[in-house]
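Structure assessment
Take a look at the letters that make up each chain.
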Amino acid sequence: MSVITYIRVSTVAQSKFKQQAKIKGKPYIDKCPVTLPFIERPRAQELLTTLTAEDTLYIEDIDRLGDNPKDILDGLKALLETNANVIINKFGLEEGTSAAALKAVISAFETMINMKEYQMQEKTVEGIARAKAEGKYKGGKKGRKMNVERWMERNKEVIQGLKDGLTTYQISDLTGVGKTQVSRVRKRLREIEAEQIEEKDQAQEGVVNNDTLLEEA
């Protein structure tokens, strides 16, 4: 049975002067930027392969696992699979409740991510509807399809990474494209998908209306 404390720091000095008092048992310290997901960090990967149900792992807060909900969620799921007692100090939990608490946190993060995705898609559709009402929407024009195809060809590697479920950091690292540009591609891809859904709905509505006219005739 081992007692371990996981720490992520930007510099080794931080671990010595700011977090030393919080360490219980053996420290595992990753010196890396917060943008690097937990599951990709060297010491974290070592932990994930060695932790057992007999071990207890202490983490000060879940923000030590990443800088966005998706990375944090991936880290929490990976820790849950080890069956170790994972104690998040900020939550003030006892060892006996660690597994249940971890599952509750994972569930909360999954709900939050799903809601965020839905809200972003909903806003995109609302924006298109508003533009149509104001006569500003240009969707469906002949040149638009060609422009979209050219844009997707230019960004095909990033788009493939997004479809594969990779994080912004992973895509940037693999393709050499900046993280800001990856985020822009993600946003534009969602807009295109929403526009395609809207156009499909319009086409289906047109078919229904034509059928109705034929029946009336």
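Conventions used here
Residue indices follow the written sequence of each chain, beginning from 1 at its first position. Per-residue local features are limited, in this predicted model, to residues with pLDDT of at least 70; the limit for side-chain atom pairs, both in listing and counting, is 80 or more; totals at the level of whole chains, interfaces and linings are taken over all residues. The basis for every side-chain value is the complete set of heavy atoms in the structure, and neither hydrogens nor water enter the calculation. By definition, two strands form a pair when at least two bridges between them are found by DSSP. Going along the chain from the N terminus, every DSSP run of H or I of four or more residues is numbered as a helix, and every run of E of two or more is numbered as a strand. Handedness rule for crossovers: strands pointing away from the viewer, path from the first strand over the helix to the second running clockwise, crossover right-handed. By convention in these notes, a salt bridge is any Lys or Arg side-chain nitrogen within 4 Å of a carboxyl oxygen on Asp or Glu. A 1.4 Å probe rolled over the protein chains alone gives each residue an accessible area, and that area as a share of the maximum for its type sets the label: buried under 20%, exposed over 50%, partly exposed in between. Every residue gets a pLDDT, meaning the predictor's confidence in that residue, from 0 to 100. Whether two residues are in contact is decided by their heavy atoms, any of which lying within 4.5 Å being enough. Two aromatic rings from Phe, Tyr or Trp, using only the six-membered ring of Trp, form a pair when their centres are within 6.5 Å; if the ring planes differ by under 30 degrees the pair is stacked, by over 60 it is edge-to-face, and anything between is tilted. Here, axes are lines fitted to C-alpha atoms. For helices the fit covers the stretch in contact, and angles between N-to-C directions go from 0 to 180 degrees. Each nonpolar core is a collection of buried residues, namely Ala, Val, Leu, Ile, Met, Phe, Trp, Tyr and Cys, held together in the definition by side-chain atoms within 4.5 Å.

What to know about the pairing of strand E4 (residues 85-88)
Note that strand E3 (residues 56-59) and E4 share four bridges and pair parallel. Counted as the bridge partner of Leu-57 is Val-86 from E4. Where the polypeptide runs from E3 across helix H3 (residues 69-81) and back to E4, its parallel neighbour, the crossover connection is right-handed.

Concerning the pattern of salt bridges
All told, the structure shown has six salt bridges when counted by the stated rule. The residue Glu-46 makes a salt bridge to Arg-43 at a minimum N-O spacing of 2.8 Å. Within this pair, Glu-46 and its partner Arg-43 are both found in helix H2 (residues 42-50), separated by three residues, close to a single helical turn. Taking relative accessible area as the criterion, Glu-46 reaches 32% and is therefore assigned partly exposed.

Details of the confidence of the model for the chain
In this model, the chain carries a mean pLDDT of 77, and residues with pLDDT of at least 70 account for 69%. Across the chain, H2 holds the top mean pLDDT of 93, while helix H1 (residues 12-17) sits lowest at 48. When the criterion is pLDDT under 50, residues 13-18 qualifies, and its contacts beyond four places in sequence or with other chains add up to six contacts.

A word on the packing of aromatic side chains
With the rule as written, the count across this model stands at one aromatic pair. Their ring planes at 85° and their centres at 5.0 Å tell us that Tyr-6 and Phe-38 sit as a pair that is edge-to-face. Note that Tyr-6 is positioned in strand E1 (residues 3-9) and Phe-38 in the loop between strand E2 (26-31) and H2, a separation of 32 residues in sequence. Residue Tyr-6 shares its accessibility class with Phe-38, and that shared class is buried.

Remarks on the sheet that holds E1
As a general point, the strands of a sheet are linked pairwise by backbone hydrogen bonds and lie either parallel or antiparallel. If you trace the four strands from one edge of the open sheet to the other, you get E2-E1-E3-E4, paired in parallel fashion. Of all the strands in the sheet, the pair left with one neighbour each is E2 and E4. When the angles between neighbouring strand axes are averaged without regard to direction, this sheet yields 25°. H2 contacts E1, E2 and E3 of the sheet and is inclined by roughly 140° relative to E2.

Describing the nonpolar core
With 23 residues, the main nonpolar core has Tyr-6, Leu-57, Leu-76 and Leu-79 as its most contacted residues. Elements that contribute at least two residues to this core include exactly E1, H2, E3, H3, E4 and helix H4 (98-133). The leading source of residues in this core is H4, at five residues. Excluding residues within four positions of it along the chain, Leu-57 makes contact with Ile-4, Thr-5, Tyr-6, Leu-47, Leu-51, Leu-79, Asn-85, Val-86 and Ile-87. With 10 residues, the next largest nonpolar core counts Leu-162, Val-185, Leu-189 and Ile-192 among its residues.

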